[in-house]
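# Coordinates in review
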Amino acid sequence: MRLNRRTSATVAGAALVGLALTACGGGGDDGGGGTDETGGGDASEVEVFTWWAAGSEKAGLDALVGVFEEQHPDTEFVNGAVAGGAGSAAKDLLQTRLQAQDPPDTFQAHAGAELQDYIDAAQIEDVSDLYDEFGLTDAFPADLVDRLSTEDGAIYSIPSNIHRANVVWANPTVLEDNGVDPEATYDDLDAWMADLDKLQDAGVTPLSVATTWTQVHLLETVLLADLGAEAYSGLWDGSTDWEGSEVTAALEDFEQLMGYTNSDRDGLDWPEATQMVIDGQAAFNVMGDWAVAAFEEQDKKPGDDYTYFPVPGSDGTFDFLADSFTLPVGAPHPGGAKAWLETVGSAEGQEAFNKAKGSIPARTDVDMSTFGEYQQSAAEAFGSDTIVSSLAHGAAAPVATLNAISDATSKFTTGASDLAAYQSELAAAAQG
Ligand code: GAL
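Quantities reported herein were computed from a predicted structural model and do not represent experimental measurements. (Residues numbered from 1 in each chain as written. Predicted model: local features only at pLDDT ≥ 70, side-chain atom pairs only at ≥ 80, totals over all residues. Heavy atoms only, no water.)

### Overview of the overall build of the protein
Stated precisely, the cut-off is as follows: Each helix is a run of DSSP H or I of at least 4 residues and each strand a run of E of at least 2, with the numbering of both proceeding from the N terminus. Our radius of gyration looks at C-alpha atoms and nothing else; its globule reference is 2.2 Å times the residue count to the power 0.38. Type-normalised accessible area, obtained with a 1.4 Å probe on protein chains alone, sets the label of each residue: buried when under 20%, exposed when over 50%, and partly exposed for intermediate values. By definition in these notes, contact holds between two residues if any of their heavy atoms fall within 4.5 Å.
A count of helical and extended segments in the protein gives 17 helices and 12 strands. Relative to the 2.2 N^0.38 estimate, which gives 22 Å for 432 residues, the radius of gyration of the protein is 21 Å and therefore close to what a compact globule would have. In terms of its C-alpha atoms, the protein occupies a principal-axis envelope of roughly 65 × 45 × 35 Å. By residue count, 56% of the 432 residues in the protein fall in the buried class. Long-range contacts, defined here as pairs at least 24 residues apart, represent 79% of the contacts in the protein between residues at least 6 apart.

Structural data, given as structure tokens:
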């Protein structure tokens, strides 16, 4: 499938958004704690549940909170962030809270299969009337809204951003110092692994990785690179055989790639693995484009201090994920949640948040010219590439499937299963 980003991000469009915001009271006052201009429920505070607890991710959240505090000064922001990249700890805790009827006022959820889990469990409300109220109906790519909706037109969250998962980040100095051309381009994983071999022989860590979810992230990009967009997507709709020889070959590549990685990986999360490249302790890291925010936060310059390219073999494909925010059933401060959702969906909120987060706005009318070089290239790629759904970040498969794939991957990468067993376990996991 393709998600087409409308590229009419014109000055006129931005001006219109400004008008719309004024008209719907986006910069306005809530009229005192406990009241709600959006039409229902306690707006005195909002507990926002995310996993953006530290570093550049927290900086992204802080930027969004800055806009929220301007737009809704009478609603207190309560930070419910739970540390752990990709929601590795947050999602379980959230489930416990939802099942105990103790929801936060709003929580982060990925567009696609993960959001569908919450919809199926009747844990979140239809917010389509907020799309009307906030003027969001045409603000997002139609295909993205489809991934937030049910067939009867109910929409269950408001997207904050679009991230790309299939990106390699590199330290050009480490490459140069170890006999690898920093400008090299690679048609496929084999070509890339020839240079990873050189780096390994030179005694540097060729590829940094962290704990299980980052290994699953690497796995999905390898599957994408080796199978191609169509067959990769077929892994999630049953049309690609998980037991087939193409998957076996991809798993062999995954195994080889894991052989180039740091041995302390299971004790690290993504910021430490990306930091190894920033600090020159590793040559490459495969990570979603939230990584660019870590480089930028440390004043690193693209080209000189770091380079980036699609995972070899996946050029022309955008491995997509989007964060979105929900209105949980039984939220204690629904007025606060609606105020938060208004800021999340606003052009001002999306611009501030995404500049700090490394992602591109989900809104199609934000002017990208003031964004960094990487983000401008991501917006362009999103407009022209084939879009596929990320596994590790909730777009492609339900949480239960992802959890089973993660368990199988951890067994494999810690030496508790061989490749044949791993492949069968993945096949079983994908069947649900
Ligand atoms: C993803 C999330 C991103 C980023 C990343 C690392 O699942 O969508 O916004 O936070 O995890 O934690």
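### Focus: a negative patch on the surface
Put simply, the rule is: Residues enter patches when their relative accessible area tops 30% and they take part in no salt bridge; the joining distance is 9 Å for like charges and 5 Å for the nonpolar side chains Val, Leu, Ile, Met, Phe, Trp and Tyr. For the accessible areas, the method is Shrake-Rupley and the probe is 1.4 Å, while residue cover comes only from the protein chains on display. The term salt bridge refers to a pairing of a side-chain nitrogen on Lys or Arg with a carboxyl oxygen on Asp or Glu at a separation within 4 Å. Lys and Arg are tallied as positive, Asp and Glu as negative. Neither His nor the chain termini are counted. Working definition for charges: the position is that of NZ of Lys, CZ of Arg, CG of Asp or CD of Glu.
A grouping of Glu125, Asp126, Asp129, Asp132, Glu133, Glu151 and Asp152 is seen on the molecular surface, where their side chains present a negatively charged patch. Mapping aspartate 129 onto the fold places it in helix α5 (residues 128–133).

### Quick word on the sheet that holds strand β3 (residues 106–110)
We apply this condition: Here, a strand pair is defined by DSSP locating no fewer than two bridges between the strands. All axes here are fitted lines through C-alpha atoms, helices being fitted over the stretch that makes contact, and every angle between N-to-C directions spans 0 to 180 degrees.
Pairing within the open sheet is mixed, and its 5 strands lie in the order β2-β1-β3-β11-β4. Here the strands that pair on one side only, and so sit at the sheet edges, are β2 (76–79) and β4 (158–159). Sheet topology note: the strand β1 (residues 45–49)/β2 ladder contains 4 bridges and is parallel. Each residue of the ladder has a partner; that of valine 46, found in β2, is phenylalanine 77. Across the sheet, helix α2 (residues 55–71) is in contact with β1 and β2; its angle to β2 comes to roughly 165 degrees.

### A few points about unusual backbone geometry
Residues apart from glycine generally show negative phi values, whereas peptide bonds are mostly found in trans. One non-glycine residue, alanine 86, lies in the positive phi region at around 60 degrees. Here alanine 86 lies in the loop between β2 and α3 (90–99). Residue alanine 86 is classed as buried on the basis of its relative accessible area of 10%. Here the phi dihedral of alanine 122 falls at roughly 55 degrees; this positive angle occurs in a residue that is not glycine. Relative to the helices and strands, alanine 122 resides in the loop between α4 (113–120) and α5.

### Concerning the sheet that holds strand β8 (residues 282–286)
Sheets are built from strands that pair by backbone hydrogen bonding, the pairs being arranged parallel or antiparallel. The strand order across the open sheet built from 4 strands is β7-β8-β6-β9, with neighbouring strands paired in mixed fashion. Lying at the two open borders of the sheet, with one neighbouring strand each, are β7 (205–208) and β9 (307–310). Strand-to-strand twist in this sheet, taken as the mean axis angle between neighbours without regard to direction, amounts to 20 degrees. Contacts between helix α11 (residues 270–278) and the sheet are confined to β6 (167–170), β7 and β8, with β8 contributing the most and set at about 140 degrees to the helix.

### Things to note about the packing of aromatic side chains
A ring pair, where both rings are aromatic, is described by two values, the distance of the centres and the angle of the planes. Defined as follows: Geometry of aromatic contacts follows a simple scheme: Phe, Tyr and Trp rings, the Trp one being its six-membered ring, pair when their centres are within 6.5 Å, and the pair is stacked under 30 degrees between planes, edge-to-face over 60, tilted otherwise.
The final tally for this structure, using the stated rule, is 24 aromatic pairs. Between tryptophan 52 and phenylalanine 353 the ring centres are 5.2 Å apart and the planes differ by 40 degrees, which places this aromatic pair in the tilted class. Placement of tryptophan 52 in the loop between β1 and α2 and of phenylalanine 353 in helix α14 (residues 347–357) is noted, with a sequence separation of 301 residues between them. Summarising the burial analysis for this pair, tryptophan 52 and phenylalanine 353 share the class buried. Where phenylalanine 295 meets tyrosine 306, the ring centres are 4.3 Å apart and the plane angle is 25 degrees; that geometry is what we call stacked.

### Comments concerning empty space enclosed by the protein
What counts here: Points on a 1 Å grid over protein atoms alone make up a cavity when a 1.4 Å probe fits among them but cannot get out, and a pocket when they form an open set with protein on both sides within 12 Å along at least five of seven lines; lining residues each have an atom within 4 Å of a point. Grid points are joined across faces, edges and corners, and a volume is the space filled by probe spheres set on the points. Amino acids are sorted into nonpolar (Ala, Val, Leu, Ile, Met, Phe, Trp, Tyr, Cys and Pro), charged (Asp, Glu, Lys and Arg) and polar (every other residue, Gly among them).
Tallying each qualifying case throughout the model produces 2 cavities of 30 Å³ or more. Quantified by volume, the largest cavity comes out at close to 80 Å³. Lining the largest cavity are 15 residues, with Trp51, Glu57, Ala86, Trp290 and His393 sitting closest to its centre. Grouping the amino acids of the lining of the largest cavity by side-chain chemistry returns 7 nonpolar, 5 polar and 3 charged. A volume near 30 Å³ is recorded for the second largest cavity. Per element, the largest residue contribution to the lining of the second largest cavity is 3 residues, and it comes from α3. When grouped by side-chain class, the residues that make up the lining of the second largest cavity number 5 nonpolar, 2 polar and 1 charged.

### Description of the pattern of salt bridges
One pass over the structure, following the stated rule, counts 9 salt bridges. Between arginine 164 and aspartate 385 there is a salt bridge whose closest N-O contact spans 3.2 Å. Remark: aspartate 385 occurs in the loop between α15 (373–384) and β12 (386–389) and arginine 164 occurs in strand β5 (residues 163–164); sequence separation between them is 221 residues. What makes aspartate 385 buried here is its relative accessible area of 11%. Between glutamate 351 and lysine 355 there is a salt bridge, with the nearest N and O atoms lying 2.8 Å from each other. Here the residue glutamate 351 and the residue lysine 355 both occupy positions in helix α14, the gap between them amounting to 4 residues, near one helical turn.

### Notes on the site of the ligand
To keep things clear, this is the line we draw: Note on terminology: near, applied to a residue and a molecule or strand, indicates that one of the residue's heavy atoms is within 4 Å of it. A 3.5 Å cut-off defines polar contacts: any pair of N or O atoms within that distance qualifies, except that in protein one atom must be a possible hydrogen donor and the other a possible acceptor, and neighbouring residues in sequence count only when both atoms are side-chain atoms. Assignment to a cavity or pocket requires that more than half of a molecule's atoms be within 2 Å of the site's grid points. A domain assignment, automatic or from a database, supplies the domain bounds used here.
The full set close to the ligand counts 13 residues, and Glu57, His110, Asp323, Lys357 and His393 are the nearest of them. Within the side chain of histidine 110, a nitrogen or oxygen atom sits 2.8 Å from an oxygen atom of the ligand. The side chain of histidine 393 places a nitrogen or oxygen atom 2.7 Å from an oxygen atom of the ligand. Protein contacts shield 100% of the accessible area of the ligand, which totals 300 Å² for the unbound molecule. In a pocket analysis with a 2 Å cut-off to the grid points, the ligand is assigned to the largest cavity. When the residues that make up the shell around the ligand are grouped by side-chain class, the tally is 6 nonpolar, 4 polar and 3 charged. Residue-level mapping places the shell around the ligand at the junction of two domains, with at least three residues from each of domain 1 (5–162 + 323–380) and domain 2 (164–320 + 387–431).

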